[in-house]
Amino acid sequence: MPGKIRFAPSPTGYLHEGHLLSALYVWAAAQKWNLKIHLRIEDHDRSRARDNYVQSIYEDLARFGFSWDSQSIQSSRTSLYESALEELEKKNLVYPCFCSRKQLESENPKSETGEIVYQGKCRFLGERLQMPEIENLPPHNLRVIMPDKIVCWHDLRLGDFAENPKMQCGDFPIKDRDGQWTYQFAVCVDDMDEGITHVVRGEDIRNSTARQIALMELLGCTKPPVYMHHPLIVDSSGKKLSKREMAHSLRQDLESGVLPEQILGNVCFKAKLVPSPAPIALEKAINLVMDQL
Ligand code: GLU
């Protein structure tokens, strides 16, 4: 059976050049490794996702000529997340956390990457306080208990990693205090349920991989996907594109009459795949990226 790769944008804005580069990597990997392509709309955060952005993802990808084999949207999969949560609860791996943002900042150390490493303050609160039913509690998020264990995983581009999620972030939220499923949780449930065998995504998410593998194991996964994190588009000084530069959307360009081939040429140039920003057809751009894999 062929494997499956996914492209998983969040509909919290229009697609930008960073997404386009990611899409090129995903489609190139699919072609090179003979994988089916799944488009997943990651609208787990209902407070930030917008329907018009969902629609624009389908339309803009199609305008560039991308096509996919299957698709899903997280907001229609709530029952799946509920049952995954129940499964973790049955194993006593979930607890409510009442810490405020300020407390989290002041009471916990930070990892090398500047991330808060939650020390588990609320973990044994339930046993101490005889907590009422979870629904009746004051504002809280739900955290999953991470095992204190090194996760060894291999990145097809960056090599071997041995990381302990307990040291990177500690127990992390799977549902936030507004009742939204978190990215980390929804992505694990989906990658498992949708039979994803390959994950190709930007380097900025690399730090999430060990904790996702650990969470998938808690959910019963025995064979996590193969991972590859691709380089990001950087500015001329080598820094990641700023929010403002990223805010410039593909849609703006397309609507002002810039041809998809020209946008593809610009992205390939910025990603240092070609020496000049000349227009490039989609197939050619995918082939250029395939040479990087
Ligand atoms: N939804 C994430 C984003 O738009 C991608 C997550 C992933 O590929 O794991 O950045």
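Quick note: structure is the one above.
Below or above, wherever it landed, is the structure these notes cover. Note that the coordinates shown come from a computational prediction; the quantities given were computed from them, not determined experimentally.

### A short note on the packing of aromatic side chains
And then number 1: Applying the stated criterion across every chain yields a total of eight aromatic pairs.
And then number 2: Pairing Trp153 with Phe161 gives two aromatic rings, centres 4.6 Å apart and planes at 15°, and the pair type is stacked.
And then number 3: Trp153 gets classed as buried once you look at its relative accessible area, which sits at 6%.
And then number 4: With relative accessibility at 17%, the residue Phe161 sits in the buried group.
And then number 5: The structure contains a cluster of three or more aromatic residues connected by ring pairs, namely Phe7, Trp27 and Phe66.
And then number 6: Stacked on the ring of Tyr118, the Lys or Arg Arg143 has its end atom at 3.8 Å from the ring centre.

### Examining the side chain of Thr209
And then number 1: You can see Thr209 is positioned in helix α8 (residues 209–218).
And then number 2: For Thr209, the side chain forms a polar contact with the side chain of His229, separated by 3.1 Å.
And then number 3: Contacts of Thr209, omitting those with residues within four sequence positions, involve Trp153, Arg201, Tyr227 and His229.

### Here we look at α8
Given 3.6 residues to a turn, an α-helix orients residues that are three or four positions apart in the same direction.
And then number 1: Of all ten residues in α8, nine are buried; the element is thus mostly enclosed.
And then number 2: For α8, every residue scored as buried is listed here: Thr209, Ala210, Arg211, Gln212, Ile213, Ala214, Leu215, Met216 and Leu218.
And then number 3: Immediately beyond the C-terminal end of α8, within one or two residues, lies Gly220, with a positive phi of roughly 100°.

### Some details on the packing of helix α1 (residues 17–33) against helix α12 (residues 282–290)
And then number 1: Relative to each other, α1 and α12 sit at 75°, their axes nearing to 8 Å. The angle between the axes of α1 and α12 places the two elements in the roughly perpendicular class. The segment α1 lies against α12, with Leu24, Tyr25, Trp27, Ala28, Gln31 and Lys32 engaging Leu282, Ala285, Ile286, Asn287, Val289 and Met290.
And then number 2: Partitioning the contact of α1 with α12 into residue classes produces nine nonpolar, two polar and one charged.

About the cut-offs
- Residues numbered from 1 in each chain as written.
- Predicted model: local features only at pLDDT ≥ 70, side-chain atom pairs only at ≥ 80, totals over all residues.
- Heavy atoms only, no water.
- Phe/Tyr/Trp six-rings, centres within 6.5 Å; stacked < 30°, edge-to-face > 60°.
- Buried < 20%, exposed > 50% of the residue type's maximum accessible area, 1.4 Å probe, protein only.
- Lys NZ or Arg CZ within 6 Å of the ring centre and 35° of its normal.
- Helix = DSSP H or I, 4+ residues; strand = E, 2+ residues; numbered from the N terminus.
- Polar contact = N/O pair within 3.5 Å; in protein donor to acceptor, adjacent residues only side chain to side chain.
- Contact = heavy atoms within 4.5 Å.
- Axes fitted to C-alpha atoms, helices over the stretch in contact; angles between N-to-C directions.
- Parallel < 35°, antiparallel > 145°, perpendicular 65-115°, else oblique.
- Nonpolar A, V, L, I, M, F, W, Y, C, P; charged D, E, K, R; others polar.

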